[in-house]
Amino acid sequence: MSTVYVFGHQNPDNDAVMSAVVLAQLLNQVGYEGNEYKACALGALPAESAKLLAEAGIAEPEQIKGVEAGQLVVLTDHNESSQSVEGLKDATVLGVVDHHRIGDFETAAPLHYIALPWGSSCTIVAKLFEVLGQELTDVQAKLLLSAMMTDTLMLKSPTTTDVDRAIAAKLGEQLGVDPVKFGMEVFLSRPSGSFTAAEMVGNDIKMFEVAGQKLLIGQYETVDKSRALGMIDEIREAMRAYQADKGAEGIVLCLTDIMEEGSQVLFEGETAVAQKGLGIADEHDGVWMPGVLSRKKQVAAPILAAAE
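If you're wondering where the values come from, they're calculated on a predicted model, not measured in any experiment.

The next subject is the pattern of salt bridges. A complete count under the given rule lists 15 salt bridges for this structure. Put simply, Lys 142 and Glu 55 hold a salt bridge, and the shortest N to O gap is 3.8 Å. With Lys 142 in helix α4 (residues 138-151) and Glu 55 in helix α2 (residues 47-56), this residue pair connects regions lying 87 residues apart in the sequence. Residue Asp 90 pairs with Lys 89 through a salt bridge whose shortest N-O separation is 3.3 Å. Judged by its relative accessible area of 74%, Lys 89 is exposed. One salt-bridge network, in which partners are shared between bridges, spans Arg 236, Arg 240, Glu 268 and Asp 282.

Structure follows, in structure tokens:
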């Protein structure tokens, strides 16, 4: 029996955490390929994830930074090396469960690769229970539904599909909750009123290779952007510091207001391609982009397309 690490991306959000936790449980339930699957995390857990796991009596995934050569791993909610664990290129990737574009990904051997354009990796994990003939416990259903709601911004994100809506409704029925109301409760459990500028910048951010340069794209989600807008100078300073620390050429930050359904977008560093892709120019207080809720579909995708 081998131990397989199961983990989401760096700076994990709720979807990265819960997809790893519940997928590891599923693979252990069915004794998949005779291995032991261990959920891990590539960074501190977001507040809502820690709270949900504590309430369920589930230990938080062990935080890891790197893996040794040959370590067996399963990736959830990502596939690009710049967003993954140190040492990934020398690890043995047994599988991927993801809902993002396929980036700089290759393996030496065949693997289980499940990539679907759904709103959440946890939607895919929920479907895998059905595929493998397993029933979700109420705890598993709650963890998955929480991440489906936060990742799709309560089903408002343009990444949301009919599959997400159907599975969310099914899980909500099992738990006896309204999925959107439950999701809002989870979202509001975040201590957003106390977030520092550094946390707004670094808590949910990913690295992309754009036109041969490293570009960071971050997102801070809130139900009221007014506090963040009053901290623009601090946020810009934090953006520059984070960019320098990560050795990136540029950084984009979306201050996303889920109630007003849009994002205030800020740029620092070399971001000409990003500005071109989004069709806006840098302004000190940022530019309001109505309807922009999804980093993946509405921010990263047009920026990457502009670099081609």
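From this point, things continue past the structure.
A few words now on the sheet that holds strand β4 (residues 72-76). Read from one edge to the other, the open sheet built from 6 strands follows the order β3-β2-β1-β4-β5-β6, with strand pairing classed as parallel. Of all the strands in the sheet, the pair left with one neighbour each is β3 (62-63) and β6 (112-115). In the sheet, β4 pairs with strand β5 (residues 92-98) via 5 bridges, with the strands oriented parallel. If you follow Leu 75 over to β5, its bridge partner there is Val 96. Packing of helix α1 (residues 14-29) onto the sheet brings it into contact with β1 (3-10), β2 (36-42), β4 and β5, and relative to β2 it is tilted by some 175 degrees. Where helix α3 (residues 121-131) meets the sheet, it contacts β5 and β6, and its direction lies at approximately 105 degrees from that of β5.

Within the sequence span of helix α6 (residues 179-188), burial applies to Pro 179, Phe 182, Gly 183, Val 186 and Phe 187. End-on view of α6: buried residues confined to an arc of 140 degrees, all on one side of the axis. Within α6, the exposed residues directed more than 90 degrees away from the buried face are Lys 181, Glu 185 and Leu 188. Structurally, α6 contributes buried residues whose contacts are with α1, α2, α4, α5 (162-175) and β8 (213-222). The opening residue of α6 is Asp 178, an N-cap whose side-chain oxygen sits 3.1 Å from the backbone nitrogen of Val 180.

Take the sheet that holds strand β10 (residues 262-269) next. Here 5 strands make up an open sheet; going across it, the order is β7-β8-β9-β10-β11 and the pairing mixed. Two strands close off the open sheet at either side, each with one partner strand: β7 (205-210) and β11 (287-290). Along the sheet, successive strands turn relative to each other by an average axial angle of 25 degrees, direction set aside. Pairing of β7 with β8 involves 6 bridges; the strand directions are antiparallel. Opposite Phe 208, over in β8, you have Leu 215 as the bridge partner.

Time to look at helix α9 (residues 232-246). Over its 15 residues, α9 runs 21 Å from end to end, which matches the ideal 21 Å to within 8%, given 1.5 Å per residue. Considered for burial, the residues of α9 that qualify are Ile 232, Ile 235, Arg 236, Ala 238, Met 239, Tyr 242 and Gln 243. Viewed along the axis of α9, the buried residues span an arc of 160 degrees, placing them on a single side of the element. Exposed and oriented more than 90 degrees from the buried face of α9 are Asp 233, Glu 237, Ala 244 and Asp 245. Summarising the contacts, the buried residues of α9 are in contact with α7 (197-202), β7, β8, α8 (226-229), β9 (250-257) and β10.

The next subject is the packing of α1 against α4. The N-to-C vectors of α1 and α4 enclose an angle of 150 degrees; their axes lie 9 Å apart at closest approach. When the axes of α1 and α4 are compared, the pair comes out roughly antiparallel. Handedness of the crossing formed by α1 with α4: left-handed. Across the interface between the two elements, Asn 14, Asp 15, Met 18, Val 21, Val 22, Gln 25 and Gln 29 of α1 pack against Gln 140, Leu 143, Leu 144, Ser 146, Ala 147, Thr 150 and Asp 151 of α4. Taken together, the residues of the contact of α1 with α4 break down into 6 nonpolar, 6 polar and 2 charged.

To continue, consider the pairing of β2. For β2, the buried fraction is high: 5 of the 7 residues fall into the buried class. Two elements, β1 and β2, share 6 bridges in a ladder whose sense is parallel. Residue pairing in the sheet places Gln 10 in a bridge with Leu 42 of β2. Taking the sense of rotation as the criterion, the β-α-β connection linking β1, α1 and β2 turns out right-handed. Summarising the sheet, β2 and β3 pair through 2 bridges and their orientation is parallel. Bridging across to β3, Cys 40 finds its partner in Glu 62.

Criteria and cut-off values
- Within any chain, residue numbers begin from 1 and follow the written order of that chain's sequence.
- At least 70 in pLDDT is required for a residue's local features to be given in this predicted model, at least 80 for side-chain atom pairs to be given and counted, and no such filter applies to totals for whole chains, interfaces and linings, which use all residues.
- Here the side-chain values reflect all heavy atoms present in the structure, with hydrogen atoms and water set aside.
- Think of a salt bridge as a Lys or Arg side-chain nitrogen and an Asp or Glu carboxyl oxygen that are within 4 Å of each other.
- For the purposes of this entry, the term helix denotes a DSSP run of H or I that reaches at least four residues, the term strand denotes a run of E that reaches at least two, and both are numbered from the N terminus.
- Note on exposure labels: buried denotes an accessible area under 20% of the residue type's maximum, exposed denotes more than 50%, and partly exposed covers the range between, all computed with a 1.4 Å probe on protein chains only.
- At least two bridges found by DSSP between two strands are what make those strands a pair.
- Note on contacts: a residue pair is in contact if any heavy atoms of the two residues lie within 4.5 Å.
- What counts as an axis is a line fitted to C-alpha atoms, over the stretch in contact for a helix, and the angles between N-to-C directions run from 0 to 180 degrees.
- Of all possible arcs, the one meant is that of the directions from the helix axis to the C-beta atoms.
- Nitrogen and oxygen atoms within 3.5 Å of one another constitute a polar contact, given that in protein one can donate a hydrogen and the other can accept it, and given that sequence-neighbouring residues count only through two side-chain atoms.
- To estimate the expected span of a helix, subtract one from its residue number and multiply by 1.5 Å.
- Throughout, the term roughly parallel applies to angles under 35 degrees, roughly antiparallel to angles over 145, roughly perpendicular to angles from 65 to 115, and oblique to all others.
- Crossing handedness is defined as follows: a turn of the near helix away from the far one that is anticlockwise and smaller than a right angle gives a left-handed crossing, while the clockwise case is right-handed.
- Ten residue types, Ala, Val, Leu, Ile, Met, Phe, Trp, Tyr, Cys and Pro, are classed as nonpolar, four, Asp, Glu, Lys and Arg, as charged, and the remainder, Gly among them, as polar.
- With strands facing away from the observer, any crossover in which the path from the first strand over the helix to the second runs clockwise is taken as right-handed.

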